[in-house]
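So you can see what is in the structure, the chains are spelled out below.
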Amino acid sequence: DTEVTQTPKHLVMGMTNKKSLKCEQHMGHRAMYWYKQKAKKPPELMFVYSYEKLSINESVPSRFSPECPNSSLLNLHLHALQPEDSALYLCASSQVPGTPTYEQYFGPGTRLTVT
Amino acid sequence: AQTVTQSQPEMSVQEAETVTLSCTYDTSESDYYLFWYKQPPSRQMILVIRQEAYKQQNATENRFSVNFQKAAKSFSLKISDSQLGDAAMYFCAYRNGNAGNMLTFGGGTRLMVKP
């Protein structure tokens with residue numbers, strides 16, 4: 001099973017709302033990622049978790065708050081977002097570095113619209 | 001820092017014909033991996049093919065093959081017998097060997113397949 005799932009598929013939220021995005025994988029991967037993708041652009045890395053610990057934060061504003069409750073789950077908590085945060089948010093997972101094959105597997109994404 | 005360049009923002013191909021997507025990269029590392037990812041309009045990013053830098057043999061996956069020219073830092077993707085389902089954004093991506101798990105993406109090439 002090489003599937004990464006994400007919920008919800010679509011989310012519309014106001015600038016004062018608090019919402020969360022969820023990502024799940026059951027491939028035994030110990031590295032998980034959040035990306036932001038604007039239309040017709042490549043994904044931009046936001047966060048990396050390795051063994052459930054935050055290992056990379058690409059200078060993401062604090063209105064985005066990641067959480068990794070266990071090795072299968074990754075959340076992205078959203079609060080006081082701006083309209084420019086509207087984008088496709090992709091989750092990915094992989095084996096950790098040093099494993100022979102650790103390509104990233106992507107989920108289908110959550111289309112976020114901030115009004 | 002590594003950079004990945006895809007010089008063709010858009011390409012089109014007639015169904016059943018062959019098309020080649022270009023990718024060049026810049027790195028001072030000797031151990032690295034290269035990938036082609038496909039993102040159809042349904043959004044999910046799918047790994048198409050990967051190439052280890054230490055392997056001289058070009059990777060192939062069914063109708064997809066690469067032309068890896070290490071000295072020229074070129075990594076093109078050839079799609080043979082193009083099908084309507086091949087229409088998508090294609091992203092070339094680079095990752096260092098064992099140093100980390102961050103992907104560097106090219107800007108993408110939108111491939112259209114004409115029936």
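For the structure given in this document, a descriptive report is provided here. Note that the structure is a prediction, hence the values are computed from the model and not measured. (Residues numbered from 1 in each chain as written. Chains lettered and ligands numbered in written order. Predicted model: local features only at pLDDT ≥ 70, side-chain atom pairs only at ≥ 80, totals over all residues. Heavy atoms only, no water.)

Here we look at the overall build of chain B
Spelled out, the test is: The helix count covers DSSP runs of H or I at least four residues long, the strand count covers runs of E at least two residues long, and both are numbered beginning at the N terminus. Based on C-alpha atoms, the radius of gyration is set beside the globule rule, defined as 2.2 Å times the residue count to the power 0.38.
Tallying secondary structure elements over chain B gives zero helices and 12 strands in all. Each helix and strand of chain B, ordered N terminal to C terminal, gives the series β-β-β-β-β-β-β-β-β-β-β-β. For 115 residues, the compact-globule estimate of 2.2 N^0.38 gives 13 Å, and chain B sits close to it at 14 Å. In terms of overall dimensions, chain B has C-alpha extents of about 45 × 25 × 20 Å along its principal axes.

A closer look at the nonpolar core
Residue and element names in this part refer to chain B. Formally: Buried residues of nine kinds, namely Ala, Val, Leu, Ile, Met, Phe, Trp, Tyr and Cys, make up a nonpolar core once their side-chain atoms join them within 4.5 Å. Only protein chains enter the accessibility calculation, which uses a 1.4 Å probe. A residue is then buried if its area is under 20% of the maximum for its type, exposed if over 50%, and partly exposed in between. A contact between two residues is defined here by any heavy atoms of the two lying within 4.5 Å.
One finds L21, Y25, W36, F75, L77, Y90 and L111 to be the most contacted residues of the largest nonpolar core, which totals 26 residues. A total of four residues in this core trace back to one element, the largest contributor, which is strand β10 (residues 88-96). Excluding its chain neighbours within four sequence positions, the residues that come into contact with F75 are C23, Y25, L34, F35, W36, Q51, V66, N67, F68 and C92.

With respect to the pairing of strand β6 (residues 53-57) of chain A
Our working definition: By this definition, two strands are paired if DSSP reports at least two bridges between them.
Looking at chain direction, strand β5 (residues 44-50) of chain A and β6 of chain A are connected through four bridges and run antiparallel. Across the sheet, V48 of chain A pairs through a bridge with I56 of chain A, a residue of β6 of chain A.

Some remarks on the packing of aromatic side chains
As a reminder, the rule being used: Two rings from Phe, Tyr or Trp (for Trp, the six-membered ring) form a pair when their centres are within 6.5 Å of each other. A pair whose planes differ by under 30 degrees is stacked, one over 60 is edge-to-face, and the rest are tilted.
Taken as a whole and assessed by the stated rule, the structure comprises 14 aromatic pairs over all chains. Ring centres of F64 of chain A and Y89 of chain A lie 5.9 Å apart, and the angle between their planes is 35°; this geometry places the pair in the tilted category. Separated by 25 residues along the polypeptide, F64 of chain A in strand β7 (residues 64-70) and Y89 of chain A in strand β9 (residues 87-94) bring together distant segments of the chain. Residue F64 of chain A is classed as buried on the basis of its relative accessible area, which comes to 6%. Here a set of aromatic residues connected by ring pairs shows up, and it is made of Y33, Y35 and F106 of chain A together with F35, Y37, F91 and F105 of chain B.

Purely geometric numbers; function is a separate question.
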